[in-house]
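Chain by chain, the residues run as shown.
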Amino acid sequence: MEVWKESEDYYPLNAKKVVNLREMNNERGHECGPIGVFDSGYGGLTILKEIRRLLPDYDYIYLGDNARAPYGPRSFDVVYRFTLEAVRYLFSRGCRLVILACNTASAKALRSIQQNDLPEIDPTRRVLGVIRPTVERLGELSANGNIGVLGTRGTVRSQSYDMEIAKLYPDFTTTSQACPMWVPLVENHEANDGGADYFVEKYLSELFAKKQDIDTVLLACTHFPILYPKIRERVREDVRVVCQGEIVAESLADYLRRHPEMESRCTRGGRCTYLTTENPEAFSSLARIFLDEPVEVGHIDL
Ligand code: DGL
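Treat the numbers as computed from the prediction; the structure is a model and nothing was measured.

1. What to know about the overall build of the protein
Each helix and strand in the protein was counted, giving 14 helices and 12 strands. Over its C-alpha atoms the protein spans a radius of gyration of 19 Å, differing by no more than 12% from the 19 Å that the globule rule assigns to 302 residues. Taken along its principal axes, the extent of the C-alpha atoms in the protein is 55 × 40 × 35 Å. Counting over 302 residues, the protein shows a buried share of 56%. Taking the intrachain contacts of the protein between residues at least 6 apart in sequence as the baseline, contacts between residues at least 24 apart amount to 77%. Carbon and sulfur atoms form 47% of the exposed surface of the protein, whose accessible area is close to 13300 Å². A distance of 2 Å separates the average location of the 37 positive side-chain charges in the protein from that of its 44 negative side-chain charges.

So this is what it looks like as structure tokens:
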């Protein structure tokens with residue numbers, strides 16, 4: 001049984017149980033590997049869950065940079081540097097395709113990685129984010145074009161959603177609200193308790209105080225679907241509350257259909273490796289909330 005070289009000193013027992021996915025060659029002799037899914041922490045699991053539901057045959061490596069989460073309050077440079085390290089790591093594990101299942105990383109790092117780093121690292125590999133595919137779907141979701149975006153401070157300050165929405169739907173208006181307490185509530189198992197109510201109420205009232213006739217509220221942070229029941233019960237019934245998981249999964253399926261050269265480089269075995277830069281036991285325990293099933297987790301350092 002193989003063990004994680006990186007984790008031997010820290011979590012040898014746990015690490016041994018983790019499936020060790022790595023680069024292989026396909027029947028045409030091309031290098032191929034699992035699909036990488038990255039988030040600052042647990043949030044990307046809401047995306048991975050939907051991706052695996054729709055595309056169960058592929059192999060995946062999920063990497064949560066929990067040791068350095070949250071990314072929301074961090075500067076552009078730091079989020080870019082951390083995200084690039086994660087992407088390089090996933091490439092080193094054989095991933096040809098990496099999904100940044102994190103809005104903050106997609107907002108602050110994706111463009112630079114795609115434009116500046118990929119051509120140098122390996123132009124045949126791809127890194128995709130969650131913002132563009134989400135925005136593409138807004139046209140069919142909103143009737144009046146008034147979109148509310150709830151995200152981390154980093155995502156909201158980057159104005160990535162405002163810009164993407166303006167590009168694709170020039171007639172739409174975007175009203176954004178940063179919800180800096182929501183990620184810590186989720187990460188600390190407090191999402192379903194009474195204490196969370198105050199902050200859910202607070203940010204929703206602040207959003208709707210800015211614009212009343214929003215008809216579509218986008219949960220533009222991959223942690224936020226865990227707060228969905230509390231959010232849903234506090235917004236008017238005629239307002240749509242949109243989670244990104246299914247949207248991103250459908251967009252990935254479409255991407256793989258349109259890019260057979262990439263699809264053939266994604267290994268199929270239906271396996272998933274979970275990795276964290278923090279404590280694997282802690283990750284495994286909180287991951288249950290996101291995935292409804294226990295997972296074995298390995299530790300790595302970035
Ligand atoms: N889940 C990440 C996102 O979608 C944010 C969490 C964080 O602040 O690290 O933006």
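2. Re the packing of helix 6 (residues 131-141) against helix 8 (residues 160-168)
Where helix 6 contacts helix 8, the axes come no closer than 10 Å and their chain directions differ by 45°. With respect to each other, helix 6 and helix 8 are oriented oblique. Note on packing geometry: the crossing formed by helix 6 with helix 8 is right-handed. Listed contacts from helix 8 to Ile131, Arg132, Thr134, Val135, Glu136 and Leu138 of helix 6 are Ser160, Tyr161, Glu164, Ile165 and Leu168.

3. Thoughts on the layout of surface pockets
Put simply, the largest pocket is a space of about 720 Å³. In terms of lining residues, the largest pocket is bounded by 29 residues, among which Leu110, Gln114, Gly129, Arg132 and Pro133 are the most central. Counting residues per element, the lining of the largest pocket draws most heavily on helix 12 (residues 245-258), which supplies six residues. By residue class, the composition of the lining of the largest pocket is 13 nonpolar, eight polar and eight charged. Within this model, the second largest pocket holds a volume of roughly 380 Å³. What lines the second largest pocket is a set of 17 residues, and nearest its centre among them are Glu50, Pro225, Cys243, Gly245 and Glu246. Secondary structure elements with two or more residues in the lining of the second largest pocket: helix 2 (45-54), helix 6, strand 10 (240-242), helix 12 and helix 14 (280-291). Top contributing element to the lining of the second largest pocket by residue count: helix 12, with four residues.

4. Points about unusual backbone geometry
Omega for the bond connecting Ala69 with Pro70 falls within 30 degrees of zero, at 0°, which places this linkage in the cis form. Looking at the secondary structure, you find Pro70 in the loop between strand 4 (60-64) and helix 3 (76-92). One non-glycine residue, Gln159, lies in positive phi territory at about 60°. With respect to the helices, strands and loops of the structure, Gln159 is situated in the loop between helix 7 (153-158) and helix 8. Of note, Asp292 is a non-glycine position whose phi angle comes to about 60°, a positive value.

5. Quick notes on the site of the ligand
Neighbouring the ligand are 13 residues, the closest being Ser40, Tyr71, Gly72, Thr104 and Thr222. At 2.7 Å, a side-chain N or O of Thr104 approaches an oxygen atom of the ligand. At 2.9 Å from a nitrogen atom of the ligand is found a side-chain nitrogen or oxygen belonging to His223. Of the residues contributing to the shell around the ligand, the split by class is five nonpolar, seven polar and one charged.

6. Some remarks on the state of the cysteines
Scanning the entire structure with this criterion turns up zero disulfides. With no disulfide of its own, Cys243 has Cys221 as its nearest cysteine by sulfur position, at a separation of 11 Å. With no disulfide partner, Cys272 has as its closest neighbouring cysteine sulfur the one in Cys95, 10 Å distant.

7. Notes on the side chain of Arg125
Tracing the backbone shows Arg125 in the loop between helix 5 (110-121) and strand 6 (126-128). Within the structure, the side chain of Arg125 is placed 3.2 Å from the backbone oxygen of Phe91, a separation counted as a polar contact.

8. Some words on the sheet that holds strand 5 (residues 97-100)
Strand order in this open sheet of six strands is 6-5-3-4-11-12, and the pairing throughout is parallel. Each having just a single partner strand, strand 6 and strand 12 (297-299) make up the two edges of the open sheet. The average undirected angle you get between the axes of adjacent strands in this sheet is 25°. Direction of pairing for strand 3 (residues 35-39) relative to strand 4: parallel, over a ladder of five bridges. The partner of Gly36 across the bridge, within strand 4, is Ile61. Against the sheet, helix 5 contacts strand 5 and strand 6, and its axis sits at roughly 170° relative to strand 6. Contacting strand 4, strand 11 (272-276) and strand 12, helix 14 runs over the sheet at an angle of about 140° to strand 12.

Conventions and cut-offs
- Residues numbered from 1 in each chain as written.
- Predicted model: local features only at pLDDT ≥ 70, side-chain atom pairs only at ≥ 80, totals over all residues.
- Heavy atoms only, no water.
- Helix = DSSP H or I, 4+ residues; strand = E, 2+ residues; numbered from the N terminus.
- Rg over C-alpha atoms; globule rule 2.2 N^0.38 Å.
- Buried < 20%, exposed > 50% of the residue type's maximum accessible area, 1.4 Å probe, protein only.
- Contact = heavy atoms within 4.5 Å.
- Areas by Shrake-Rupley, 256 points an atom, 1.4 Å probe, with all protein chains shown as cover.
- Lys, Arg positive; Asp, Glu negative; His and termini not counted.
- Charge placed at Lys NZ, Arg CZ, Asp CG, Glu CD.
- Axes fitted to C-alpha atoms, helices over the stretch in contact; angles between N-to-C directions.
- Parallel < 35°, antiparallel > 145°, perpendicular 65-115°, else oblique.
- Left-handed = near helix turned anticlockwise from the far one by under 90°.
- 1 Å grid on protein atoms, 1.4 Å probe; cavity = no way out; pocket = protein on both sides within 12 Å on 5 of 7 lines; lining within 4 Å.
- Points joined across faces, edges and corners; volume = space filled by probe spheres on them.
- Nonpolar A, V, L, I, M, F, W, Y, C, P; charged D, E, K, R; others polar.
- Near = heavy atom within 4 Å.
- Polar contact = N/O pair within 3.5 Å; in protein donor to acceptor, adjacent residues only side chain to side chain.
- Disulfide = S-S within 2.5 Å.
- Pairing = 2+ DSSP bridges.

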